[in-house]
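Chain residues, written in single-letter form:
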Amino acid sequence: MNLSQDELAILSGSRGSGAARAMEILSALGRIGGAEDMVDVCSVQVSGVSYRNIGPHGLAFLQEWAGQGSKAVVPAYMNPGGADRRLWQTLGLPAEFVDKQERVIKALSKLGIKPTLTCTPYHAAPRPKFGDHLAWSESSAVCYANSVIGARTNREGGPSAIAAALTGRTPRHTLHTDAGRLPTTVVEVGCPAPTASDAGALGYLVGQLLAHDPRGGIPFIRGVEPPEDSSREAWLKALGAAMAASGSVGLFHLEGVTPEAAASGPELQKAAGRKVKVDSLEGAKRGLFSAKGRPSLVAFGCPHASLDELKRLDELLKGRKAVVPVWVFTSEAVRKKAEKSGLAGRLSSLGAALIADTCIVVAPLADMGITNVVTDSAKAAFYLPSHQGVGVCFESQEAAVEAAVAGGQLCASKAPQAASSGGGAS
Ligand code: F3S
């Protein structure tokens, strides 16, 4: 792999031992990935922030690296951690855990990584531009950046993202290259998907269909469009987040919508080696249903909610008070905006709490007595049973709000006769 004079100097310690170690990691990963050289990155998003996931060894690793004195040279942001830094006591989180979580954040901050603590940095920090090279980590953020914005990023691990932050570089391979962004499969959708939860079910199904593609899964999707109203962004987020979860998809092209597919759709489709058809989302929705009783929580914000999504929730509640607790996961940046406008206070008075800095999948739900969750997120519905041992009722945002207001009857009545996964595709 070719390193520039500047990169060789970093490797020799010109920017300190932390940056030298970072360049060593990137060179090794670049060789493994088949990169010929490095590319400058405009921003970095670092995963591996939750103490629940990284534990004492991960914390010690970060503290040691932070002690080497190098700092991020490009804007760098943290993924969600394991606790809401303001509301942890209200939520009943143990002080010892929160202390460890704060130590992780302190070590990353010392490395120059900003404590945005969100999987939607595009809502909380300057939005990247088409063609920008990034080194982002969280799978839904990666899929959104590549597909919806048309920026270029592979899915980085925590250490490789930190290494990119300390050097401003990442190896140029796979999704950083034109060839690595060509679709492998045309997905013809023959059923409607008007809501964000429909988009999530579609993404879940597409991810399953592409999960074992030997060429790596990049779909070119036809026959379906996001809504034109303020729910458009939530729809696109849900589609990508679900296929990243079920199939590790880092990029999708949506005909006439995503930047590359809008500019050169016919040429892109020719590159795909196979074609599959999706004619129903019902099997996918049944596959995401795992609730075993009445819901103890209604959860939104996976990926973290935008201000528009909070406004939509307020509209759907129509001033009615939820009788099942509603938690909406978001970034502190969006929560502050909602507090300033009075929206957060209004939602709180209706039983909907805004939770920041953390994520539904890593929040200790079982310790809080939560056994069944209603959510409109296909990604959360995919992970919660295995990661948290809780059951999920997967619904549209509208139906989930009604379940919160009515006490969950709607969810119970929706239990499928027999669960199956991934039906409706050929
Ligand atoms: Fe974000 Fe956690 Fe969902 S990182 S996408 S809220 S699983």
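A brief structural summary. Numbers given for residues are sequential positions, taken from 1 along each chain in its written order. Reporting in this predicted model follows two pLDDT cut-offs: at least 70 for local features of residues, and 80 or more for side-chain atom pairs to be given and counted; totals over whole chains, interfaces and linings ignore these cut-offs and use all residues. Only hydrogens and water are set aside when side-chain values are computed; all heavy atoms of the structure are taken into account.

## Quick notes on the layout of surface pockets
Method remark: on a 1 Å grid restricted to protein atoms, a set of points is classed as a cavity if a 1.4 Å probe fits but cannot get out and as a pocket if it is open with protein on both sides within 12 Å along at least five of seven lines; lining residues have an atom within 4 Å of a point. Grid points are joined across faces, edges and corners, and a volume is the space filled by probe spheres set on the points. Roughly 570 Å³ of internal volume is contained in the largest pocket. Along its surface, the largest pocket is lined by 29 residues, and N53, N79, E138, C359 and K379 are the ones closest to its centre. Secondary structure follows DSSP: runs of H or I at least 4 residues long count as helices, runs of E at least 2 residues long count as strands, and numbering of each begins at the N terminus. Among the secondary structure elements, those contributing two or more residues to the lining of the largest pocket are α3 (51–66), α6 (139–149), α9 (232–247), β10 (297–305) and α15 (378–388). In terms of residues, the lining of the largest pocket owes the most to one element, β10, which gives four residues. Residues are grouped as follows: Ala, Val, Leu, Ile, Met, Phe, Trp, Tyr, Cys and Pro are nonpolar; Asp, Glu, Lys and Arg are charged; all remaining types, including Gly, are polar. The class makeup of the residues in the lining of the largest pocket is 13 nonpolar, twelve polar and four charged. Size it by volume and the second largest pocket reaches roughly 480 Å³. If you trace the second largest pocket, you find 31 residues lining it, with A196, A234, E309, D376 and Q397 closest to the centre. Elements that contribute at least two residues to the lining of the second largest pocket include exactly α8 (196–210), α9, β10, α12 (307–317), α15 and α16 (397–406). Among the residues forming the lining of the second largest pocket, the class breakdown is 15 nonpolar, eight polar and eight charged. Each domain's extent was defined by an automatic or database domain assignment. Taken together, domain 2 (182–285) and domain 3 (289–412) each give at least three residues to the lining of the second largest pocket, which thus spans both.

## Regarding the site of the ligand
We call a residue near a molecule or strand when any one of its heavy atoms sits within 4 Å of it. Surrounding the ligand, one finds P80, C119, E138, S140, G301, C302, P303, C359, V361 and K379. In this description, a molecule resides in a pocket or cavity if more than half of its atoms sit within 2 Å of the grid points defining it. The cavity that encloses the ligand is the largest pocket. At three residues, β10 tops the list of elements feeding residues into the shell around the ligand. Taken together, domain 1 (5–176) and domain 3 (289–412) each give at least three residues to the shell around the ligand, which thus spans both.

## Considerations on helix α13 (residues 332–341)
Burial classification: accessible surface area is computed with a 1.4 Å probe over protein chains only, and a residue below 20% of its type maximum counts as buried, one above 50% as exposed, and the rest as partly exposed. Listed as buried for α13 are E332, V334, R335 and A338. Down the axis of α13, the smallest arc covering the buried residues is 160°, so these residues share one side. Exposed residues lying more than 90 degrees from the buried face of α13 are K336, K340 and S341. On its buried face, α13 is in contact with α5 (121–124), β10, α12, β11 (326–330), α14 (343–349) and β12 (352–356). Remark: G342 follows α13 within two positions and exhibits a positive phi of approximately 90°. The arc in question is traced by the directions running from the helix axis to the C-beta atoms. Throughout, a residue-residue contact means that at least one pair of heavy atoms, one from each residue, lies within 4.5 Å.

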